[in-house]
Amino acid sequence: SDGSVEQKFSLREVLDTFRQCLSENKEVYLQHYVSGWRGLVKFLNSLGSVFSFISKDAVNKIQILVNHQNGENGGHYITVQSMVKYELENGLVDLTKRGGHPESGCRTLLRLHRALRWLELFLERLRTSNEDSKTSVMCADAYNESLAQHHPWVVRKAAGVAFCVLPGRQAFFEVMNVGPPEQVVAMLGEALPLISEVYQITEELYSHHNMLDLP
Ligand code: 1Q0
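First things first, this report covers the structure right here in the doc. (Residues numbered from 1 in each chain as written. Predicted model: local features only at pLDDT ≥ 70, side-chain atom pairs only at ≥ 80, totals over all residues. Heavy atoms only, no water.)

**Digging into the site of the ligand**
Then step 1. Close to the ligand lie 24 residues, the nearest being Leu11, Asp57, Lys61, Arg107 and His151.
Then step 2. Side-chain polar atom of arginine 111 to an oxygen atom of the ligand: 3.0 Å apart, as the coordinates give it.
Then step 3. Histidine 151 is positioned such that a nitrogen or oxygen atom in its side chain is 2.8 Å from an oxygen atom of the ligand.
Then step 4. Those elements giving two or more residues to the shell around the ligand turn out to be α2 (30-45), α3 (52-70), α5 (105-127) and α7 (153-164). (Near = heavy atom within 4 Å. Polar contact = N/O pair within 3.5 Å; in protein donor to acceptor, adjacent residues only side chain to side chain. Helix = DSSP H or I, 4+ residues; strand = E, 2+ residues; numbered from the N terminus.)

Quick look at the structure:
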């Protein structure tokens, strides 16, 4: 390696942050969750300005969570579990309509959580794709199956336009910065169960607290 790799996106790094996300008793560390998203945003930014309306929203949500972590109650924002407990017990979550807590950790994380499902579906498609597969189609299919259900028409339209200018499969694999396609596929095979587990744990927690539709 040539010393410049640190600044570049690396799928391996993102994989590592999602690995670090899970504590021994299967709680999700907020700090690593946020780092994982930072890495993905770095990747998204490298794809060009068409994607900036997406990365801006992601960065905004990341920042809200970081502010909670650095705030005076930051001690409660160590894991997703402790955050949920703290915000619910203290009435810090708008449960049915937007009101006094438009930037709760719970509603903010829920948006990233839904996007994580998109990521899981997209990466699984990439993993099992062949040379002729189109990234735009894989991305759109994954989106329609997940995030799109939570987005209004105008956002779905804009997302559809952005997907059309995604680089092809080979270029995509190259920016992942892992090595030849076989290695990318292997790395995806390793990353997916971790992403999936983080997703499942969060999904169950939110479902348990009836928080899957936070406004
Ligand atoms: C590679 C192409 C990336 C495509 C990302 C798909 C997601 C499209 C989402 C478009 C919507 C963004 C505009 C804002 C929407 C918000 O209204 C919405 C709801 O929030 P709120 O406050 O209004 O209730 N926000 C969201 O739904 C959050 C969306 C976050 C998306 C974060 C995407 C980060 C991108 C990652 C690129 C990953 C590349 C994967 C391959 C790399 C291999 C590991």
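**A look at the packing of helix α4 (residues 80-89) against α5**
To describe two helices that pack against each other, one gives the angle between their axes and the distance between the axes.
Then step 1. The contact between α4 and α5 brings their axes to 9 Å, and the two run at 140°. Judged on the interaxial angle alone, α5 and α4 are oblique. Counted together, Val80, Met83, Val84 and Glu87 of α4 and Gly105, Cys106 and Leu109 of α5 form the full contact between these two elements.
Then step 2. Counted by class, the contact of α4 with α5 contains five nonpolar, one polar and one charged residues. (Axes fitted to C-alpha atoms, helices over the stretch in contact; angles between N-to-C directions. Parallel < 35°, antiparallel > 145°, perpendicular 65-115°, else oblique. Contact = heavy atoms within 4.5 Å. Nonpolar A, V, L, I, M, F, W, Y, C, P; charged D, E, K, R; others polar.)

**Some details on the side chain of glutamate 87**
Then step 1. Relative to the assigned elements, glutamate 87 resides in helix α4.
Then step 2. Buried charged residue glutamate 87 carries no salt bridge. Nearest counter-charge: arginine 107, at 9.5 Å.
Then step 3. From its side chain, glutamate 87 meets the backbone nitrogen of cysteine 106 in a polar contact 2.9 Å long.
Then step 4. Excluding residues that lie within four positions of it along the chain, glutamate 87 makes contacts with His68, Tyr77, Leu92, Val93, Ser104, Gly105 and Cys106. (Buried < 20%, exposed > 50% of the residue type's maximum accessible area, 1.4 Å probe, protein only. Lys, Arg positive; Asp, Glu negative; His and termini not counted. Salt bridge = Lys/Arg side-chain N within 4 Å of Asp/Glu carboxyl O.)

**Quick look at the packing of α2 against α3**
Then step 1. α3 packs onto α2 with a crossing angle of 155° between their chain directions and a minimal axis gap of 10 Å. With respect to α3, the element α2 is oriented roughly antiparallel. Classified by chirality, the crossing of α3 by α2 is left-handed. Facing Leu30, Gln31, Val34, Trp37, Arg38, Val41, Leu44 and Asn45 of α2, the residues of α3 in contact are Ile54, Ser55, Ala58, Val59, Ile62, Leu65, Val66 and Gln69.
Then step 2. Here the residues of the contact of α2 with α3 sort into eleven nonpolar, four polar and one charged. (Left-handed = near helix turned anticlockwise from the far one by under 90°.)

**With respect to the nonpolar core**
What tends to happen in soluble globular proteins is that the nonpolar side chains get buried as a cluster.
Then step 1. Residues Tyr33, Val80, Met83, Leu116, Leu126, Met176 and Tyr206 are the most contacted members of the largest nonpolar core, which totals 68 residues.
Then step 2. Contact partners of methionine 176, with chain neighbours within four places excluded, come to Phe9, Ser10, Leu11, Phe43, Leu126 and Val184. (Core = buried A, V, L, I, M, F, W, Y, C linked by side-chain atoms within 4.5 Å.)

**Points about the pattern of salt bridges**
Then step 1. Evaluation of the coordinates by the stated rule reveals eight salt bridges.
Then step 2. Between aspartate 16 and arginine 19 there is a salt bridge whose closest N-O contact spans 3.7 Å. In this pair, aspartate 16 and arginine 19 are both assigned in helix α1 (residues 11-20), three residues apart and thus about one turn of the helix distant.
Then step 3. What makes arginine 19 partly exposed here is its relative accessible area of 40%.
Then step 4. Where arginine 125 meets glutamate 145, a salt bridge forms, and the shortest distance between an N and an O atom there is 2.9 Å. Linking arginine 125 in helix α5 with glutamate 145 in helix α6 (residues 135-145), this pair joins segments that are 20 residues apart in sequence.
Then step 5. By relative accessible area, glutamate 145 is classed as partly exposed at 42%.
Then step 6. Within this structure, Asp16, Arg19 and Glu190 form a network of salt bridges that share partners.

**Describing the side chain of threonine 79**
Then step 1. Positionally, threonine 79 belongs in the loop between α3 and α4.
Then step 2. A distance of 3.0 Å separates the side chain of threonine 79 from the backbone nitrogen of serine 82, its partner in a polar contact.
Then step 3. Apart from the residues lying within four places of it in its own chain, the contact partners of threonine 79 are Glu27, Val28, Tyr29 and Leu30.

**Brief notes about unusual backbone geometry**
Then step 1. Phi is positive for lysine 26, which is not a glycine, with a value near 60°.
Then step 2. Tracing the chain through its elements places lysine 26 in the loop between α1 and α2.
Then step 3. In this structure lysine 26 comes out as partly exposed when scored by relative accessible area, which is 42%.
Then step 4. Unlike most non-glycine residues, asparagine 210 shows phi in positive territory, near 55°.
Then step 5. Mapped onto the fold, asparagine 210 is located in the segment after α9 (181-208).
Then step 6. Residue asparagine 210 is classed as exposed on the basis of its relative accessible area of 71%.

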